[in-house]
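Residue strings, one per chain:
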Amino acid sequence: MNENILNKIFDEINNSKKILIVSHVNPDGDTLGTMCALKLYLKDKADTLVQTSASVGIPDTYKFLPQIALSRNLDNVQNVYDLVITVDVASIDRITGNARNIFDNVKMTINIDHHKTNNGYAKLNWVVGNASSAGEVLYDIFKSKNILVSKEMADCLYVSILTDTGGFRYENTSSKTLKIASELIELGANNADLAKKCYNNKPKNMILFQSAVISKTKFLFNNKVAIAAISQEDYKKFDAKNEYTEGIAETLRTIKSVEISAVLKENDNGHTKVSLRSDNVDVCEVVKKFNGGGHIHAAGCTIKASINQAAELLVCEIEKCLNL
C-alpha cells in the first residue's frame, strides 16, 4: 500500500465536515455493501447516495443492509458536501445526474475501487486492480489503519465480496479473498444468512421474467455466443425492475458451449446497456470501442443505438475478439 496516498485520504476525511458516499448507477451488492460499511465507520459525518431515482429506489435484494434505508437518491440529494467518496465506481460516466454535478463541483473527491480499467478520475485514487471487490479493498484499508470492524460492518463487507465473486465461484476469488471472508465471519458476519438474503430471496415475477428472457436468447457462432435482449415491453409485461436482470448473463455463461454471454437492455432514452461475461475471453476488449470497461471476464458498456442496432455492432466486435 502507498501509505502516503492513504494518509492523504484519511486527512481529507478527518478535515471534512460533510461527506457523500456514492454508489455507481445500477447498483449491485459490491457498491452497496462497501458504501454501507464506510457509512457505518464515518457515522453521522457522511450521507450515502444510491444512484437511482426515487421511483426506482434501493434494490429489494439489498434493503436489509444496515443504514441503507437512510440513503439519498438522485432526486433528493443536494450539494452540501465538501468531500465525495465513490466506491466501486469504475469510471466517471458511472456518476450521473445530480451526483455528477456534486462530484464535479465539490472541493475534494476520493475514488475507492477494484476495476483495472479505472483511470483515476478523482483527486485522490485508491484502486487495487487485483482485488475481488471494492469490499475487499475497503477491508484492507480498515485493517491497515487498525480500524475496528463491527459486526454490522463485517456483514456489509461480506455481502460486497460474496456477490462480486458470484458466491466465491469466479476466478477473482483468491486465497486472500477467502482469508478475508473467514476473518469477516470471525468478526460476526453470518455467512449462511447473508447468502440466503442475497441469493434465495427472489420474487416470483423476477424468476418468470428471467425465464422469459432466457427462452428467447439467440445463439451465434456455433453456440459460442449467447445474446439475450431485453426490451421495455419485457419489463412492462412482468412489472420487472432493472435489478431483475442480475444473474442472467451468469446463467447463460454456464452453458457448456458458450464462450461469451451478453445481456442487452433497452433504456428509455433509446440507448442500450450491455453486460458481457466470459470464462476465457477478455470481454474488456469487446467493449473498448464503446468506451466501456470492467474486468477481463466481466465487462459492460452503453451503446448509443437501438437494441437491434446495438446487437449488430456488438456481434461485430465479438467476432473480432473470437477471431472468427
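Everything discussed here concerns the structure shown above.
Residue positions are given per chain, counted from 1 along the sequence in the order it is written. The predicted nature of this model means local features are confined to residues of pLDDT at least 70 and side-chain atom pairs, given and counted, to a pLDDT of 80 or more, with totals for whole chains, interfaces and linings taken over all residues. In computing side-chain properties, one takes all heavy atoms of the structure into account and sets aside hydrogens as well as water.

1. Description of the side chain of S16
What counts, and what does not: Numbering of helices and strands runs from the N terminus, with a helix taken as a DSSP run of H or I at least four residues long and a strand as a DSSP run of E at least two residues long. Contact criterion: two residues are considered in contact whenever any of their non-hydrogen atoms come within 4.5 Å of each other.
For S16, the position within the fold is in the loop between helix 1 (3–15) and strand 1 (19–22). Once residues lying within four places of it in the same chain are set aside, the contact partners of S16 are K45, D82 and L83.

2. Things to note about the sheet that holds strand 2 (residues 46–49)
Condition: Pairing between strands is defined by DSSP: at least two bridges between the two strands are required. Under this scheme, a helix contributes an axis fitted over its contacting stretch, all axes are lines through C-alpha atoms, and angles between N-to-C directions fall in the 0 to 180 degree range.
Here five strands make up an open sheet; going across it, the order is 2-1-3-4-5 and the pairing parallel. Looking at which strands have only one partner, the edges of the open sheet turn out to be strand 2 and strand 5 (124–127). Between one strand axis and the next, the sheet turns through 15° on average, direction left out of account. One ladder, built from four bridges, connects strand 1 with strand 2; its direction is parallel. Directly across from L20, in strand 2, lies its bridge partner D47. On the sheet, helix 2 (residues 29–42) packs against strand 1, strand 2 and strand 3 (83–87) and is oriented at approximately 140° with respect to strand 3. Against the sheet, helix 3 (residues 97–105) contacts strand 1, strand 2, strand 3 and strand 4 (108–113), and its axis sits at roughly 125° relative to strand 3.

3. Focus on the sheet that holds strand 11 (residues 298–303)
As summarised here, the arrangement of the six strands in space is 6-7-8-9-11-10, forming an open sheet in which the pairing is mixed. With one partner strand each, in any of the chains shown, strand 6 (218–220) and strand 10 (293–294) form the two edges of the open sheet. The sheet contact formed by strand 7 (residues 225–230) and strand 8 (residues 260–266) spans six bridges and is parallel. The residue bridging I230 from the neighbouring strand is K265, located in strand 8. The sheet contacts of helix 12 (residues 307–322) involve strand 6, strand 7, strand 8, strand 9 (272–278) and strand 11, and relative to strand 8 the element is tilted by about 160°.

4. A closer look at the pairing of strand 1
Operational definition: Exposure categories follow from relative accessible area, calculated using a 1.4 Å probe and restricted to protein chains: below 20% of the type maximum is buried, above 50% is exposed, and the middle band is partly exposed. The crossover handedness rule: strands pointing away from the viewer, path from first strand over the helix to second strand clockwise, crossover right-handed.
Covered by surrounding structure in strand 1 are I19 and I21 together with L20 and V22, the residues of both alternating faces. Taken together, strand 1, helix 2 and strand 2 constitute a β-α-β crossover, and its handedness is right-handed. Pairing geometry for strand 1 and strand 3, over four bridges, is parallel. Paired with I19 across the two strands is L83, which belongs to strand 3.

5. Notes on the nonpolar core
To keep it simple, the criterion reads: To qualify as a nonpolar core, a set must consist of buried Ala, Val, Leu, Ile, Met, Phe, Trp, Tyr and Cys residues joined through side-chain atoms within 4.5 Å.
The biggest cluster of nonpolar side chains holds 49 residues, and the ones touching the most others in it are I85 and L184. No other element matches helix 5 (residues 151–164), which puts eight residues into this core. With sequence-adjacent residues up to four places away left out, L184 is seen in contact with Y139, A154, L157, Y158, I161 and A189. By size, the runner-up hydrophobic cluster in this structure holds 23 residues, among which are A262, C284, A305 and L322.

6. Some details on unusual backbone geometry
Backbone geometry at Q67 places phi at a positive 75°, although glycine is not the residue there. Looking at the secondary structure, you find Q67 in the loop between strand 2 and strand 3. Residue classification places Q67 among the partly exposed residues on the basis of a relative accessible area of 31%. Despite not being glycine, D239 shows a phi value in the positive range, around 50°. Among the structural elements, D239 can be located in the loop between helix 9 (232–237) and helix 10 (248–253). On the basis of relative accessible area, D239 is assigned to the exposed category, the value being 62%.

Taken by themselves, the reported measurements are silent on function.
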